[in-house]
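Chains, contacts and geometry: an overview
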Amino acid sequence: KSEIDFGDPHWKQKFQEDFENRFSLPHLKDEFDIKPIPTTFSLQKRSSQNGYVNDDDRALLKVIKYSSPSSAGAECIDPDCSWVEQWVHRAGPRMQIYFEPGKVKAGIVTCGGLCPGLNDVIRQIVLTLEVYGVQKIFGIQYGYRGFFEESLPEIPLSRQVVQNINLNGGSLLGVSRGGANISEIVDSIQARGINMLFILGGDGTHAGANAIHNECRKRKLKVSVVGVPKTIDNDILLMDKTFGFDTAVEEAQRSINSAYIEARSAYHGIGLVKLMGRSSGFIAMQASLSSGQIDVCLIPEVPFKLGGPYGVLCHLEHLIKTKGSAVVCVAEGAGQDLLEKSDARDASGNPILRDIGVHIQQQIRKHFKEIDVHADIKYIDPTYMIRACRANASDAILCTVLGQNAVHGAFAGYSGITVGICNSHYVYLPIPEVISSTRRVDPDSRMWHRCLTSTGQPDFL
Ligand code: ATP
Ligand code: MG
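Report follows, based on the coordinates. Only a predicted model underlies this, so the values are computations on that prediction, with no experimental measurement involved.

Between its first and last C-alpha, helix 8 (residues 312–323) extends 16 Å over 12 residues, near the 16 Å set by a 1.5 Å rise per residue. When helix 8 is considered as a whole, its buried residues turn out to be Val312, Leu313, His315, Leu316, Glu317, Leu319 and Ile320. Summarising the contacts, the buried residues of helix 8 are in contact with strand 10 (269–275), strand 11 (296–298), strand 12 (326–331) and helix 9 (356–370). Looking one or two places after helix 8, you find glycine 324, whose phi comes out positive at around 90°.

Next up, the structure:
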């Protein structure tokens, strides 16, 4: 944005060209002298043209034309709110492919934390590879660790093996954090003869996937690396949503409802629910909105104070005195500035957050004791119960399409890409663009305003 020279009469065209470059997809044919062959992925009972996606097909990234930079959610790039079209590549099966299925050895790996839908994605990747005619399909166990731990052999995968895995949460292959030595992983890919690698994981995993893609290019290995973004927090840039998020919001309803019933049934009851969301409060916001039972929603993007005349505690006091009970929903990454700093990190190097839920619970208890008003606090942390759930119907469909498109993307010859849904269309995006930063709730967005309207909470500052 800052590099745009609005005085240049051609700035719009230049911006568009820059966007095209950034979002062009790395392709194996740019590196290797390979000729495409007709696809082996047949779309039954259709004429040869129908059902395939052309490499030049695009989906529009932004569909609103804002009339002023002050419109809610406007991300206008210049003061006049100029309309700049941003098109991204459409996902799907191509008529021409760059791998002979008989020569493919495909690997699938799942990294990071658990998320509903992992098994659905694994299943669809395997089923789709088989439809193309691939016979050598293997699962790498326990994330990147499985590439170099000798005690963790590859798991052969087939339609028979994966047939019912979607009925359970978790990952058939196991997950892990840390230990991503890119050079060793690529040694292992080379030794195993893997030439299609599907990597399911979050931002860290995708940084790893991109590094693996680059290292393969450096070593002139004809390997296609395709990511499938897994983040229950829905914090990936550009995408409408990521798989597992919908299930998480739905499952969170049970905890919120329990907190509500506990709060309503106790004399001066206060229910407190902590939901996932390390740096983005989408789950807490959507769960609060859909439940309609939340009085206070706290997310990482919106600073708040607990004490003082405008703090959360004072508002809770008001709620207890006026309606007799209250329910609070807090995202795990909210209010970290209120807690003692910690340098602790997990195996992947991510900061370990302090427990804001426990802190708020203690502060509520202390406050009501100080003002000598009875309050009965019930704290619920359903994190692991939600992460381990089976995907709901809408996530299962999302996983199906993403898994299938990951395979189509690899056969189409792309590498260093990831799959997603933008404006309800399925697309391929270059990995660096989606992990350049974290998607966060915009406190000026209509959705956050809707949440505030629903809870009735003030600004806690
Ligand atoms: P989530 O945050 O949703 O749990 P994640 O993919 O971000 O998912 P991490 O534990 O951060 O989870 O990372 C998963 C794997 O990716 C780990 O094995 C980690 O070592 C590796 N990894 C993380 N960051 C990078 C990076 N910048 N470059 C290479 N590998 C990385
Ligand atoms: Mg992460």
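Read on for the rest.
Moving on, we get to the nonpolar core. Counting residues in each nonpolar core, the largest one holds 72 residues, and the members touching the most others are Ile108, Leu129, Phe198 and Phe411. The greatest single-element share of this core, amounting to 8 residues, is contributed by helix 2 (residues 118–132). If near-sequence neighbours (up to four positions away) are discounted, leucine 129 is found in contact with Ala106, Val134, Ile137, Met196, Phe198, Val407 and Phe411. In terms of nonpolar packing, the next biggest core, distinct from the first, is built from 22 residues, Leu272, Ile356, Ile360 and Phe368 among them.

So, on to the sheet that holds strand 11. Sheet architecture is open: 4 strands sit in the order 11-12-10-13, paired in parallel fashion. With partners counted over all chains shown, the strands left at the sheet margins are strand 11 and strand 13 (376–380), one partner each. In this sheet, adjacent strand axes meet at a mean angle of 15° when their direction is disregarded. Examined bridge by bridge, strand 10 and strand 13 share 5 bridges and lie parallel to one another. Considered in strand 13, the bridge of isoleucine 270 is made with isoleucine 377. Each of strand 10, strand 11 and strand 12 is contacted by helix 7 (residues 282–291), which is oriented at about 165° to strand 11, the strand it contacts most. Against the sheet, helix 9 engages strand 10, strand 11, strand 12 and strand 13, with an angle of about 165° to strand 10.

Reading the values: rules and limits
- Residues numbered from 1 in each chain as written.
- Chains lettered and ligands numbered in written order.
- Predicted model: local features only at pLDDT ≥ 70, side-chain atom pairs only at ≥ 80, totals over all residues.
- Heavy atoms only, no water.
- Helix = DSSP H or I, 4+ residues; strand = E, 2+ residues; numbered from the N terminus.
- Expected span 1.5 Å × (residues − 1).
- Buried < 20%, exposed > 50% of the residue type's maximum accessible area, 1.4 Å probe, protein only.
- Contact = heavy atoms within 4.5 Å.
- Core = buried A, V, L, I, M, F, W, Y, C linked by side-chain atoms within 4.5 Å.
- Pairing = 2+ DSSP bridges.
- Axes fitted to C-alpha atoms, helices over the stretch in contact; angles between N-to-C directions.

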